[in-house]
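Spelled out, the chains give:
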Amino acid sequence: MDTPSQSNRELRLRLWQFVKPYRKRYALGILCGVLSSLLMLAYTELLNRALDAASPTRPQLGGATPTVVPTAHPRFAWELLIAILAIMAVRGVFVWAQSTLVAWSGLRTVTDLRNAVYERVQRLSLSYFESRPTGQLISRMTADMGVLQQGLVTNVSRAVDAPLQIVLGISYITWKSPLLALLLLLCIPMINSLIRKAGLRMKRATGQINAANADLAQVLEETISGVRVVKSFAMEDEEIARFEKLSKHVFGSVMRSVRVTSTLQPMVEVVSAVGFLLILGVSLTWIANGTMSMGLLLLLVMWIDRVRTSWQRIGDIVMTYNATLTSASHAFTLLDEVPEVQDRPDAVAIPPIHGNLEFDHVTFCYDDETPVLRDISFQVRPGECVALVGLSGAGKTTLVNLVPRFYDPTRGAIRADGLDLREVTMKSLRQQIGIVPQETLLFSGSVYDNIAYGSPGASREEVERAARVAYAHDFITALPEGYDTLVGERGAKLSGGQRQRLAIARAVLRNPRILILDEATSSLDTESEQLVQQAMEVLMRGRTTLVIAHRLSTIRGADRILVLEKGRLAEEGSHDQLIATAGLYSRLHQIQFDVGKTAVSG
C-alpha cells in the first residue's frame, strides 16, 4: 500500500489535532513527571546532607583543606531520613499520576484516531476494496495502531523524564563540581551523533517491518477465510511454504531494526564509559587528597549513571518517535483517501419510492478506458420483475451494482421515480433497496442478529415474521438455542440453503421497494433450491426486482428478460418471445437444456 510523502512537521501537526482534546490531561501528567524529577533532586541533596552530618570532616572541592567538625547529633540524621522518606512517598504519588494521566490521554488519542480511520474505511467506495489487499488494511488498523499507542503512551513519559534527568543531573553535578560537569558534557556531541544516525536508520527499518507484517496479515486473511479451498486442492504444504517465506521476510525486517538498536546501545555505552572513567579518575584523586567525601562521590556517581542511562533512553525515544511517525503516516494516508462515489453537497434524502427504475443511455468504465456497459437504456415499472442474463463478463453484476450506487455511471443516468440517483443521499437510497447475493455473508453473531442486521430496533416478533416469510422459522426453532444460536464465522454452522433463507429474511424485514437478487439458488441442492425459490417468490411480490439469472429455468416467470452481450443490451422480451427469435438467449437456453438432459440421462 503506497504511502504519500508527508514531512515530519506535517505529521506532527496532524497528530496534534487528535492529541489536542486531551492536552490538559497530557500537560498535567507531564507536570507530575517534572515534579517527580525535581523531588528526586531534593532527595539527593537531603541524602548528601545526611551523609555530611554523619561525617567527621567536610571536604571542600577544589583543593581546600578539609574542616574537622564534631559528629552530628543522631536525631538530626534521623530527621533527614524521615524527610527523605516523605519526599519519596510524595514522589511516588506524582509518578503514579504521571503514568495514569499520560496513559489515559494517549489511549484516548489512539482510540479516536483508530475510530476515524475505521469510519473512513467504511465510507470508502467498493472500488477501493477491490484494489487493496484486505490483510494490509487489517494491519493498518492493528499493528500500526499498536506502534502509535506505544509512541503516545510509553514514549511520551520517557520523552519527558529522560531529558529532564539529563538537565537536572548535569545541573547538580555542575553545582557540586564544574570540572566534573565539563568532563561529562564532552561526551554529549558524540552520543547525539550516534542517536541521530540510528534514528534515521530505524525509520526506514520500521517502514519495512510494517510492510512485511501487512503482507503476512494478507496471507493469513486469505488462507484462513479460504481454508475450504486450500484443503479441497490439498494446498496445505504450499501455503505453509508461502507463509514461512513471508515469516522469514518479517524476521529479516525485524532483525534489521534489532541490529540498529543493538549497535547503538554498546556504542553509547563505550562513549559513556570513557566519560565516566575520566570523572572517576579525577574524583578518586580528590578523595585521596581529602577534598571530596566518599558519600558525595556516591551521589555524583548516581547522577552520572542517571544521565548516562537517560542518554541511552534518548536513543530509544528517537527510534520509537520515528516508528510512531511512520505508523501515523499510514493512518493519515487512509484518512486522506477520497471515496469515488460521494453524496453531492446538495443531495437530498429520497422519499419513499414506488419502484419505477430507469436506465438512460448508461455507460460505465472501471478504468476510464474500456467500457463494461455501453449505452444501456431500459425501464422497470413498479412491481415488475426483470431478469438479466448473458455470458460471464457481459456486465450483469456491474449493472445491478449501479442501482445502490456502489459505482456511478461514467455517462448517462439512472433514475428512481424520475430522480437521478446522484441527486439523493446514498443512505436514504440504500435503505429502500434489498440485496440477496449469490454467496450470503453472515456475521458471527446469533440468528436473530443476522436477520435484524440492517433493521436496527426490529422487534422479536418482526424478526420471526420475516423468518416465516423466508421459510426459515422451522429450521431456526430446531437449532439448539433457536434464534439465539450463534451461526459461527461467516455462518459456518449453517448449510448453504439455511444461509440463503436468512439472507432473504433479512431482506424481508427491511421491506425494500427495489430488490436485487443474484441467483441465490445456483449452488444449492434440489430441496434447498425449492425452499429458497419459494421464499424468493414471496419476497418479490409487489416489488421492483432485478434478477441476475444463471439458471435460465428459474426466470421463466419474469415479466421481462434483458440479454447482455459484451456490455450491450442485445435482446429484450419475455421467455417465449426470446426463444422465438432464435438469438443469444435461445442459444443459451438450448445449451443449458442439452446439459440438463445429458445429466438426467447419465
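Source: prediction; values computed, not measured.

Counted by the stated rule, this structure contains 2 cavities of 30 Å³ or more. In this structure, the second largest cavity spans a volume of roughly 40 Å³. Together, Leu402, Arg405, Asp408, Pro409, Ala413, Ile414, Asp420, Leu421 and Arg422 line the second largest cavity. Considering only residue class, the lining of the second largest cavity consists of 5 nonpolar, no polar and 4 charged.

All right, on to the packing of aromatic side chains then. Evaluated as defined, the whole model comprises 6 aromatic pairs. An angle of 85° between the planes, with centres 5.4 Å apart, marks the rings of tyrosine 366 and tyrosine 407 as edge-to-face. Linking tyrosine 366 in the loop between β3 (357–365) and β4 (371–380) with tyrosine 407 in the loop between α12 (396–401) and β6 (411–416), this pair joins segments that are 41 residues apart in sequence. The exposure class assigned to tyrosine 407 is buried, which follows from its relative accessible area of 3%. Joined through ring pairs, the aromatic side chains of Phe364, Tyr366 and Tyr407 make up one cluster. Across from the ring centre of tryptophan 104, 3.9 Å away, lies the NZ or CZ of arginine 25, which sits over that ring.

Strand order in the open sheet made by the 6 strands is β8-β9-β10-β5-β11-β12, with mixed pairing throughout. Because the sheet does not close on itself, it has two edges, and the strands there are β8 (433–436) and β12 (568–573). Averaged over all pairs of adjacent strands, the angle between their axes in this sheet comes to 20°, without regard to strand direction. Pairing analysis gives 5 bridges linking strand β9 (residues 514–518) to strand β10 (residues 544–548), with the strands arranged parallel.

In a beta sheet, neighbouring strands are held together by backbone hydrogen bonds and run either parallel or antiparallel to one another. As summarised here, the arrangement of the 4 strands in space is β4-β3-β6-β7, forming an open sheet in which the pairing is antiparallel. Here the strands that pair on one side only, and so sit at the sheet edges, are β4 and β7 (419–420). Examined bridge by bridge, β6 and β7 share 2 bridges and lie antiparallel to one another. Bridge pairing in β7 places alanine 416 opposite leucine 419.

The next point concerns the confidence of the model for the protein chain. Taken over all residues, the pLDDT of the protein chain has a mean of 77, while the share at 70 or more is 72%. Of all helices and strands in the protein chain, the one with the weakest mean pLDDT is strand β2 (residues 64–68) (43), whereas β6 scores best (94). pLDDT under 50 marks residues 59–72. Its contacts with residues more than four places away, or in other chains, come to 26 contacts. Low confidence marks residues 595–602, where pLDDT is under 50. Its contacts with residues over four positions away, or in another chain, come to 0 contacts.

As for its placement among the helices and strands, valine 19 is situated in helix α1 (residues 8–19). By relative accessible area, which is 11% here, valine 19 ends up buried. Measuring from C-alpha to C-alpha, the distance between valine 19 and threonine 109 comes to 5.6 Å, with 90 residues separating the pair along the chain. In contact with valine 19, not counting residues within four places along its chain, are Tyr26 and Thr109.

What follows covers a nonpolar patch on the surface. A contiguous nonpolar surface patch, about 300 Å² in accessible area, is contributed by Leu441, Phe443 and Tyr453. Considering the arrangement of structural elements, one finds leucine 441 in the loop between β8 and α14 (447–452). On the basis of relative accessible area, leucine 441 is assigned to the partly exposed category, the value being 40%.

Quick look at unusual backbone geometry now. What is expected of a backbone is that most residues other than glycine have negative phi and most peptide bonds are trans. With phi around 50°, aspartate 375 is a residue other than glycine that occupies positive phi space. Among the residues examined, aspartate 375 registers a relative accessible area of 44% and is labelled partly exposed. Positive phi values are uncommon outside glycine, yet tyrosine 471 reaches one of about 55°. If you trace the backbone, tyrosine 471 turns up in the loop between α15 (460–469) and α16 (473–477).

This paragraph deals with the packing of helix α5 (residues 134–152) against helix α6 (residues 154–176). The N-to-C vectors of α5 and α6 enclose an angle of 30°; their axes lie 2 Å apart at closest approach. Considered as vectors, α5 and α6 are oriented roughly parallel to each other. Mapping the contact onto sequence places Gln149, Gln150, Gly151 and Leu152 in α5 and Thr154, Asn155 and Val156 in α6. When the residues that make up the contact of α5 with α6 are grouped by side-chain class, the tally is 2 nonpolar, 5 polar and no charged.

Next up on the list: the packing of α15 against helix α17 (residues 496–510). Look at α15 against α17: their axes get within 8 Å of each other, and the N-to-C directions meet at 125°. Regarding the angle of α15 to α17, the classification is oblique. Crossing hand, α15 versus α17: right-handed. Seen from α15, the contacting residues are Glu462, Val463, Ala466, Ala467 and Val469; seen from α17, they are Ala505, Val508 and Leu509. Residues that form the contact of α15 with α17 fall into these classes: 7 nonpolar, no polar and 1 charged.

The next subject is the pattern of salt bridges. A complete count under the given rule lists 11 salt bridges for this structure. Note that arginine 422 is salt-bridged to aspartate 420, the shortest N-O span being 3.2 Å. On the basis of relative accessible area, arginine 422 is assigned to the buried category, the value being 17%. Given a relative accessible area of 12%, aspartate 420 falls into the buried group. Among the charged side chains, a network of salt bridges with common partners joins Arg381, Glu384, Arg560 and Glu572.

The next subject is α17. The end-to-end C-alpha distance of α17 is 21 Å, a good match for the 21 Å that 15 residues give at a rise of 1.5 Å each. Counting buried positions along α17 gives 12 out of 15 residues, so the element sits mostly inside the fold. Within the sequence span of α17, burial applies to Gly497, Gln498, Gln500, Arg501, Leu502, Ala503, Ile504, Ala505, Arg506, Ala507, Val508 and Leu509. Phi for asparagine 511, located one or two positions after α17, is positive at around 55°.

The next subject is α1. Look at α1: 16 Å from first C-alpha to last across 12 residues, which is about the 16 Å you get at 1.5 Å a residue. Leu11, Leu15, Phe18 and Val19 are the residues of α1 that are buried. All buried residues of α1 lie within an arc of 95° about the axis, which places them on one face of the element.

Turning next to the nonpolar core. One finds Ile451, Ile476, Leu502, Ile555 and Ile561 to be the most contacted residues of the largest nonpolar core, which totals 45 residues. Among the elements that take part in this core, α17 stands out by supplying 7 residues, more than any other. Once residues lying within four places of it in the same chain are set aside, the contact partners of isoleucine 451 are Val463, Ala467, Ile476, Tyr483, Leu502, Ala505, Arg506 and Leu509. By size, the runner-up hydrophobic cluster in this structure holds 31 residues, among which are Ile350, Val362, Val372 and Phe378.

Rules used in this analysis
- Every chain is numbered independently, its residues counted from 1 as its sequence is written.
- Residues qualify for local features only when their pLDDT is at least 70, as the model is predicted, and side-chain atom pairs are given and counted only at 80 or more; totals for whole chains, interfaces and linings, by contrast, use all residues.
- The basis for the side-chain values is all heavy atoms of the structure; hydrogens and waters are excluded.
- Cavity means a closed set of points on a 1 Å grid over the protein atoms alone, one where a 1.4 Å probe fits but cannot get out, pocket means an open set with protein on both sides within 12 Å along at least 5 of 7 lines, and lining means a residue has an atom within 4 Å of a point.
- Grid points are joined across faces, edges and corners, and a volume is the space filled by probe spheres set on the points.
- Any residue that is not Ala, Val, Leu, Ile, Met, Phe, Trp, Tyr, Cys, Pro, Asp, Glu, Lys or Arg is counted as polar, Gly included; the first ten are nonpolar and the last four charged.
- In this scheme Phe, Tyr and Trp rings, the latter by its six-membered ring, pair at centre separations within 6.5 Å, and the angle between planes marks the pair as stacked below 30 degrees, edge-to-face above 60, and tilted otherwise.
- Strands here are runs of E lasting at least two residues and helices are runs of H or I lasting at least four, both read from the DSSP assignment and numbered beginning at the N terminus.
- Residue burial is assigned from relative accessible area. The probe radius is 1.4 Å, only protein chains are included, and a residue is buried under 20% of its type maximum, exposed over 50%, and partly exposed in between.
- Over a ring means this: the NZ of a Lys or the CZ of an Arg is within 6 Å of the ring centre and within 35 degrees of the ring normal.
- Between any two strands, at least two bridges found by DSSP are needed for them to pair.
- For helices, the fitted axis covers only the stretch in contact; all axes are lines through C-alpha atoms, and the angles between them, taken along N-to-C directions, range from 0 to 180 degrees.
- As a per-residue measure, pLDDT tells how confident the predictor is, with possible values from 0 to 100.
- Residues count as neighbours in contact if any of their non-hydrogen atoms are within 4.5 Å of one another.
- The residues that make up patches have over 30% relative accessible area and no salt bridge, and they are joined within 9 Å when like-charged or within 5 Å when they are Val, Leu, Ile, Met, Phe, Trp or Tyr.
- Here the Shrake-Rupley method, with its probe set to 1.4 Å, supplies the accessible areas, and only the displayed protein chains count as covering residues.
- Salt-bridge detection follows one rule: a side-chain nitrogen of Lys or Arg within 4 Å of a carboxyl oxygen of Asp or Glu.
- In this scheme, roughly parallel covers angles under 35 degrees and roughly antiparallel covers those over 145, while 65 to 115 is roughly perpendicular and the rest are oblique.
- By definition, any crossing whose near helix is turned counterclockwise from its far helix by less than a right angle is left-handed, and any crossing with a clockwise turn is right-handed.
- By this rule the span expected of a helix is its residue count minus one, scaled by 1.5 Å.
- Regarding the arc, it is the one traced by the directions from the helix axis to the C-beta atoms.
- In these notes, a set of buried Ala, Val, Leu, Ile, Met, Phe, Trp, Tyr and Cys residues joined through side-chain atoms within 4.5 Å is what counts as a nonpolar core.

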